[in-house]
Amino acid sequence: MVKQFEDSELIINKDGSVFHLHLKPEQLADKIILVGDPGRVQTVANNFDSIECEVSNREFKTITGTYKGKRISVQSTGIGCDNIDIVLNELDALANIDFNTRTEKHNHRQLTLVRIGTCGGIQPFTPVGTFIASKKSIGFDGLLNFYDGRNEVCDLQFEDAFTKHMNWNRQLGAPYVIDADDQLLKQIAQDDMVQGVTIACGGFYGPQGRKLRIPLADPQQNSKIESFVYNDMCITNFEMESSAVAGLAKLLGHRAMTCCMVIANRHAKNMNTEYKNSIETLITKVLDRI
């Protein structure tokens, strides 16, 4: 039986675009670069040889164009895994649902998604300026726990070792561990990015162990994270989107990974706020390799 996506489930605007992104199916490329900051969309697109379309709504901005013969869309997501839930589901809908019949297409269209972002390094070998490709991501956000098939795509043994090491508080959402697409990771990371384990946090302050005026529920959280080792892998960095990108992509049948530039090192307690020029090197690497 063919599934019909109801108006309340798949929301299509009057102009035929998807609800939040305001994109139409024909405006989406198979290769997609995800960035958090809408302003960084233009930074990426400045490298394009030609621009096909530019669409904006709220924090979601898209430019589709060509780079060295490759058709690429660059899409801003805003901050956080909750926004990734919107972006990944709507990108997949554009690719794999017929908007005229509101039914799933017979032939699956696989997207290639690379998130370019910034992060905080938490090991001595991830100083400011390091490029980190997330081989694995640990989701503190709990997003993937709302979807069927979560256990089939996650590394359950890694999850078990991590929660035991952390003495995980059950009041928090269960963390999930998800791998990047292995082929895409090799294609993008090559030999000049650290392949690490990234924690995607549900916030910038408390969830990442920062304390301003509110005390932390677990003051030892970051020291436990720094000391965790599993199968010779340690946790390298904090950011806020990688787990949802990798997890939703895997459930939807797409290829995805995250690579970030370290702009703060929590171990060394230093920060580079003037990073915007430096990240252009990472952008160029990804454009050349995607």
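Here the residue numbers are simple positions, counted from 1 along each chain's written sequence. Per-residue local features of the predicted model are confined to residues with pLDDT of at least 70, and side-chain atom pairs are confined, for both listing and counting, to 80 or more; whole-chain, interface and lining totals are unaffected and use all residues. Processing note: side-chain calculations cover all non-hydrogen atoms of the structure and skip hydrogens and water entirely.

Trainee: Sorry if this is basic, but what is going on with the overall build of the protein here?
Mentor: Each helix is a run of DSSP H or I of at least 4 residues and each strand a run of E of at least 2, with the numbering of both proceeding from the N terminus. When helices and strands are counted, the protein shows eight helices and 14 strands. Against the 2.2 N^0.38 benchmark of 19 Å for 290 residues, the protein shows a C-alpha radius of gyration of 19 Å, consistent with a compact globule. Seen through its C-alpha atoms, the protein measures out along the principal axes to roughly 55 × 45 × 40 Å. Residue pairs at least 24 apart in sequence account for 75% of intrachain contacts in the protein once pairs closer than 6 positions are excluded. Summed over all atoms, the accessible surface of the protein reaches about 13900 Å², with 48% contributed by carbon and sulfur. Using C-alpha atoms as the atom set, the radius of gyration is obtained and then compared with a globule rule of 2.2 Å times the number of residues to the power 0.38. In this analysis, two residues are considered to be in contact whenever any of their non-hydrogen atoms come within 4.5 Å of each other. Exposure was quantified through the Shrake-Rupley algorithm and a 1.4 Å probe, taking into account, for residues, occlusion by the shown protein chains and nothing else.

Trainee: What am I meant to see in the nonpolar core here?
Mentor: The nonpolar side chains of soluble globular proteins are, as a tendency, buried together. Only buried residues count toward a nonpolar core, which is a set of Ala, Val, Leu, Ile, Met, Phe, Trp, Tyr and Cys residues joined through side-chain atoms within 4.5 Å. Buried residues are those whose accessible area, probed at 1.4 Å on protein chains only, stays under 20% of the maximum for their type, while exposed residues exceed 50% and partly exposed ones sit between those limits. Membership of the largest hydrophobic core comes to 35 residues, with the highest contact counts inside it found for L34, L88, L91 and L113. Those elements that provide at least two residues to this core are β1 (31-35), α2 (81-96), β9 (176-179) and α7 (242-252). Considering each element in turn, this core owes the most residues, eight residues, to α2. In this structure L91 touches L21, L23, L28, I32, L34, Q75, L111 and L113, once residues within four positions along its chain are discounted. By size, the runner-up hydrophobic cluster in this structure holds 30 residues, among which are V74, L185, A189 and I290.

Trainee: I tried to follow helix α4 (residues 156-166) on my own but got confused; where do I start?
Mentor: Along an α-helix, residues three or four positions apart point the same way, because every turn accommodates 3.6 residues. Where α4 is concerned, the buried positions are F158, E159, F162 and M166. Projected down its long axis, α4 carries its buried residues within an arc of 100°, all on one side. Those residues of α4 that are exposed and angled more than 90 degrees off the buried face are Q157 and K164. Downstream of α4 by a residue or two, N167 has a phi angle that is positive, lying close to 50°. This arc describes the spread of directions from the helix axis toward the C-beta atoms.

Trainee: Could you clarify how one ought to interpret the environment of H165 in this entry?
Mentor: Within the element layout of this structure, H165 appears in helix α4. Taking the C-alpha atoms as reference points, H165 and P207, separated by 42 residues in sequence, lie 17 Å from one another. Ignoring sequence-local partners within four residues, the contact set of H165 consists of K224, S227 and F228.

Trainee: Explain the side chain of N13 here, please?
Mentor: Relative to the elements of secondary structure, N13 occurs in the segment before β1. Relative accessible area serves as the criterion here: at 19%, N13 is assigned to the buried category. Those residues in contact with N13 that lie beyond four places of it in its chain are V18, F19 and H22.

Trainee: Can you help me understand α7 in this one?
Mentor: The buried fraction of α7 is high, at eight of 11 residues. Among all positions of α7, only S242, S243, A244, V245, A246, G247, L248 and A249 are buried.

Trainee: What is the right way to read the pattern of salt bridges from this model?
Mentor: As a working rule, side chains carrying opposite charge can pair if their charged atoms are close by. Salt bridge, as applied in this entry: a Lys or Arg side-chain nitrogen positioned within 4 Å of an Asp or Glu carboxyl oxygen. In this structure the tally under the stated criterion is 16 salt bridges. A salt bridge links D30 to R109, with the shortest nitrogen-to-oxygen separation between them at 2.6 Å. Of this pair, D30 sits in the segment before β1 while R109 sits in the loop between β6 (103-104) and β7 (112-121), placing them 79 residues apart in sequence. Residue class for D30 comes out partly exposed when judged on its relative accessible area of 39%. Taken together, the shared-partner salt bridges connect R115, E239 and E241 into one network.

Trainee: What's the story with the pairing of strand β13 (residues 255-265) in this structure? I'm lost.
Mentor: One face of the sheet, then the other: side chains in a regular strand alternate in exactly this way. Of all 11 residues in β13, 11 are buried, a share of seventy percent or more. When β7 meets β13, the two strands line up parallel, connected through 10 bridges. Counterpart to G117 in the pairing with β13 is C260. DSSP calls a pair of strands paired once it identifies at least 2 bridges connecting them. By the bridge criterion, three bridges tie strand β8 (residues 131-139) to β13 in an arrangement that is antiparallel. Bridge pairing links A133 to C259 in β13.

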